[in-house]
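Okay, here's what each chain looks like letter by letter:
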Amino acid sequence: MKLALHWKILIGMILGLAFGLTMKNLELVGVVTDWIKPFGTIFINLLKMIAVPLIVVSLITGLADLKDISKLSKLGGRTVALYLFTTVTAVSIGLVLANVIEPGSYINEVSRDTLLESFTGDANAKIELAASAKNQGPLQPLVDVVPENFFEALTDNASMLKVILFTILLGIGIILVEEKHSKPVVDFFKGLNEVILKLIDIIMLGAPIGVFSLMASLMVEIPDFTTLGALLVYGMTVLLGLLIMTYIVYPTLLYSFAKVGPRRFFSAIAPAQLLAFSTSSSAATLPVTLERVTEHLGVDEEVSSFVLPLGATVNMDGTSLYQAVAAVFIAQAMGIHLDLTTQLMIVVTATLASIGSAAVPSAGMVMLVIVLGQAGIPEAGLALIFAIDRPLDMCRTVVNVTSDSAVAVIVGNSVGKLRKPEDIHERIL
Ligand code: ASP
C-alpha cells in the first residue's frame, strides 16, 4: 500500500523525536550533531534553493495567465485586505487570551530571576539584531521593497519581497506587450515551471528523512526544561490561540466564503503543515505550500503563485498572535500594568512586526523586541520566554502557513479560480 506523504512525514518526525531523545539519554549528542543533523540541513537547503526560482517562474506564469491588469489589482486588493484582517484577528485573540488567562501571574519571583539570569545572553543577541530595524525612518520598509539590483536580490533569501516586486513588474510588462513578443517568454517560463515542480516532487521524496534528522537534532539541542513549569501556562496560552486560529477562524472563513470544508482543506495541506512544524520556516515550506494549494486544493496557479509567496513573507498570523501574548506575559511577569491604549498599540505594532518578520526560524522573536519597546516593556524580558521559544516557533509557523493557504483558497474562489474537487487531477509523486 502506498502511504500518503503526510503519514510518511509524521512517521519520520516521531521516529526522529524518539531517536533524538534516546541519544540524549545515552549521552551520544555528538553522534546526532555530526552524523544526523547535516541531513536535515541539506533538506532545508534544498527547499530554500528551489524557493526563489519557484517564486519567479510560477509568478510570471501565473500573471501571464491573468491577461488583464485589472484582474491583478482585484487579486492584490483582496489578498492584502484578507491578510490584514486575519492578522488583526490573531493579535486580538492573543490579547484577549493573555488578559483573561494572565499567564504572567503563574511565574514566581524565583523562577523569573532564574530565567532572566540564564537567558540574558541569548536575549541580548536578539535585541541587537532588532536594533538595526529600529533605527530606521518610518518609510524605510517601503524603500526596502524596491531592489537596486534584481540579480543581487535573487541571491538573498531574505530579499523575497524585492524579488516578488520585480517579478510582478515583469508580469505586468508581459501582459502589456503584444502577444507575438510575450508568447516565447511565457512559453519558456511555463516549461521551466513544470521542471521546477518536478524538482520539488523529487526533493519531497527525501522529506521523511529530512524531518527525522531535524527532529532528532532538535531534541538534543533544545534547552532542558527545568523551569518549564513557570512557562507552561504562557506556552499553553499561545497554543490555545494558535488552535483557535487553526480550527475555528480559518475553517469558518473557508466555509463561509469558499464553501470549502475542513476535511478537504486539512487533508490537502497536511504535508505543508508538518513541514512548517519541522523546519520552523514559512519560506522553506513555500515550495510545498504552493504545490499542495495548487495541485491538491485546486486553486489556479495565477492566484496561488501570487498569494502564497506574498503571504509567506508578510502574512504571519501565528507570529503576531504569539507576539501579543508574549508582550503581555512579559509585562505581567515584570509587574507592569498595560492600559487599554497600550494594548491597542500592541495590535498595531504586532501586526506591523509580524509583517516585518522574516520567514525563518525565530524571526518573530527578534521583531518582538520592537513590540516590547513601543509598549514600554523592558526588552530584557525577552530572556523570560527564551526557553520555550523554539517549540512555539514550530507551532506558530504552522499557523502562518495555514493562514496563507486559507487566504489563497478564499481569494481564488472569489475570482472564480478555485476548481471543484472533481476537477482536480493531482500529479502523482
Ligand atoms: N518561523 C516563523 C516563520 O517562518 C517566523 C517566526 O515567527 O519566527 O513563519
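Everything here concerns the structure above.
These numbers come from a predicted model, not from an experiment. (Residues numbered from 1 in each chain as written. Predicted model: local features only at pLDDT ≥ 70, side-chain atom pairs only at ≥ 80, totals over all residues. Heavy atoms only, no water.)

### A few points about the overall build of the chain
Rules: Secondary structure is summarised from DSSP: a helix means a run of H or I of at least four residues, a strand means a run of E of at least two, and numbering begins at the N terminus for each. Radius of gyration: C-alpha atoms only; globule rule: 2.2 Å multiplied by the number of residues to the exponent 0.38. Summary of the burial criterion: residues with accessible area below 20% of their type's maximum are buried, those above 50% are exposed, and those between are partly exposed, where the area comes from a 1.4 Å probe applied to protein chains only. In this description, contact between two residues means that some pair of their heavy atoms is separated by no more than 4.5 Å. In short, Shrake-Rupley with a 1.4 Å probe defines the accessible areas, and a residue's cover is counted only from the protein chains shown. Under this rule, positive means Lys or Arg and negative means Asp or Glu; His and the chain ends count for nothing. Each charge is placed at NZ for Lys, CZ for Arg, CG for Asp and CD for Glu.
On a plain count of helices and strands, the chain comes out with 18 helices and zero strands. The C-alpha radius of gyration of the chain comes to 22 Å, within 12% of the 22 Å expected for a compact globule of 429 residues. Along the first, second and third principal axes, the C-alpha set of the chain runs to 70 × 50 × 45 Å. Considering the chain as a whole, with its 429 residues, one finds that 54% of them fall into the buried category. For the chain, the share of sequence-separated contacts (at least 6 apart) that also reach a separation of at least 24 residues comes to 85%. For the chain, the exposed area adds up to about 18,800 Å²; of that, 66% sits on carbon and sulfur atoms. Once the 27 positive and 35 negative side-chain charges of the chain are each reduced to a mean point, those two points are 9 Å apart.

### Thoughts on the nonpolar core
Keep this limit in mind: Nine residue types can take part in a nonpolar core, namely buried Ala, Val, Leu, Ile, Met, Phe, Trp, Tyr and Cys, and a core is a set of them joined through side-chain atoms within 4.5 Å.
Core analysis: the largest hydrophobic core is formed by 138 residues, its most contacted members being Tyr234 and Ile385. For this core, the leading source of residues is helix 2 (residues 29-66), giving 15 residues. Apart from residues lying up to four places away in sequence, isoleucine 385 is in contact with Tyr234, Tyr322, Ala326, Phe329, Ile330, Met365 and Leu368. Counting five residues, the second-largest nonpolar core is a separate cluster that includes Met23, Val32, Ile36 and Ala216.

### Remarks on the packing of helix 14 (residues 317-333) against helix 18 (residues 389-414)
To be explicit about the condition: Lines are fitted to the C-alpha atoms to define the axes, a helix being fitted only along its stretch in contact, and any angle between axes, read from their N-to-C directions, falls within 0 to 180 degrees. Geometric relationships in this document are graded by angle, where less than 35 degrees denotes roughly parallel, more than 145 denotes roughly antiparallel, 65 to 115 denotes roughly perpendicular, and other angles denote oblique. Following the grouping adopted for this structure description, the nonpolar residues are Ala, Val, Leu, Ile, Met, Phe, Trp, Tyr, Cys and Pro, the charged ones are Asp, Glu, Lys and Arg, and the polar ones are all others, Gly among them.
For the pair helix 14 and helix 18, the least separation of the axes is 6 Å and the interaxial angle reads 135 degrees. Taken together, the axis directions place helix 14 and helix 18 in an arrangement best described as oblique. The residues of helix 18 that touch helix 14, namely those facing Asp317, Gly318, Thr319 and Tyr322, are Asp389, Arg396, Val399, Asn400 and Ser403. Across the contact of helix 14 with helix 18, the residue classes break down as two nonpolar, four polar and three charged.

### A closer look at helix 2
Formally: By definition here, a helix of n residues has an expected span of 1.5 Å times n minus one. Values of bend correspond, residue by residue, to the angle between axes fitted over the seven residues ending at that residue and the seven starting there.
An ideal rise of 1.5 Å per residue puts 56 Å on 38 residues; helix 2 measures up with 52 Å between its terminal C-alpha atoms. Along helix 2, the helix axis deviates most sharply at lysine 37, where the bend reaches about 40 degrees; the proline proline 38 sits within four residues downstream. The positive-phi residue at the C-terminal boundary of helix 2 is lysine 67, with phi of around 60 degrees.

### Notes on the site of the ligand
Worth spelling out the cut-off: Whether a residue is near a molecule or strand depends on its heavy atoms: if one lies within 4 Å, it is near. Nitrogen and oxygen atoms within 3.5 Å of one another constitute a polar contact, given that in protein one can donate a hydrogen and the other can accept it, and given that sequence-neighbouring residues count only through two side-chain atoms.
Every one of the 16 residues lining the ligand counts as a neighbour, but Ser282, Thr319, Gly364, Asp393 and Arg396 are closest to it. Between the ligand and the protein, one listed contact pairs an oxygen atom with a side-chain N or O atom of asparagine 400 at 2.8 Å. Look at the ligand: alone it shows 270 Å² of surface, and the protein chains cover 100% of it. Elements represented by at least two residues in the shell around the ligand include exactly helix 16 (363-374) and helix 18. Residue contributions to the shell around the ligand peak at four residues, all from helix 18. Grouping the amino acids of the shell around the ligand by side-chain chemistry returns six nonpolar, eight polar and two charged.

### Thoughts on the pattern of salt bridges
This is how it is decided: The rule for a salt bridge is simple: a side-chain nitrogen of Lys or Arg has to be within 4 Å of a carboxyl oxygen of Asp or Glu.
Enumeration over the complete set of coordinates arrives at ten salt bridges. One salt bridge connects lysine 37 with glutamate 221, and the closest N-O pair in it is separated by 3.1 Å. Of the two residues, lysine 37 is situated in helix 2 and glutamate 221 in helix 9 (residues 207-221); the sequence distance between them amounts to 184 residues. Glutamate 221 gets classed as partly exposed once you look at its relative accessible area, which sits at 43%. The salt bridge partner of glutamate 178 is lysine 180, with a shortest N-O separation of 3.4 Å.

### Here we look at a positive patch on the surface
Note the following rule: Each patch is built from residues that are more than 30% exposed by relative accessible area and take part in no salt bridge. Like charges join if they lie within 9 Å; nonpolar side chains (Val, Leu, Ile, Met, Phe, Trp, Tyr) join within 5 Å.
Together, Lys67, Lys71, Lys74 and Arg78 line one region of the surface with positive charge. Mapped onto the secondary structure, lysine 71 falls in helix 3 (residues 69-101). By relative accessible area, lysine 71 is classed as partly exposed at 39%.

### Things to note about the environment of valine 411
Along the chain, valine 411 falls in helix 18. Taking the relative accessible area as the measure of exposure, valine 411 reaches 1% and is therefore buried. Spatially, the C-alpha atoms of valine 411 and valine 307 are 8.3 Å apart, while their sequence positions differ by 104 residues. Each residue touching valine 411, except ones within four places of it in the same chain, is listed here: Leu75, Arg78, Thr79, Leu82, Val303 and Val307.

### Structural notes on the side chain of histidine 6
Here histidine 6 is to be found in helix 1 (residues 5-25). Within the structure, the side chain of histidine 6 is placed 3.4 Å from the side chain of tryptophan 7, a separation counted as a polar contact.

### Some thoughts on the packing of aromatic side chains
Keep this limit in mind: Here is the rule: rings of Phe, Tyr and Trp (six-membered ring for Trp) pair when centre to centre is within 6.5 Å. Planes less than 30 degrees apart are stacked, more than 60 are edge-to-face, and the remainder are tilted.
Tallying each qualifying case throughout the model produces seven aromatic pairs. Ring geometry for phenylalanine 150 versus phenylalanine 166: centroids 3.8 Å apart, planes at 25 degrees, classification stacked. Residue phenylalanine 150 is found in helix 6 (residues 150-154), and its partner phenylalanine 166 is found in helix 7 (residues 160-176); the two are separated by 16 residues along the sequence. By relative accessible area, which is 14% here, phenylalanine 150 ends up buried.

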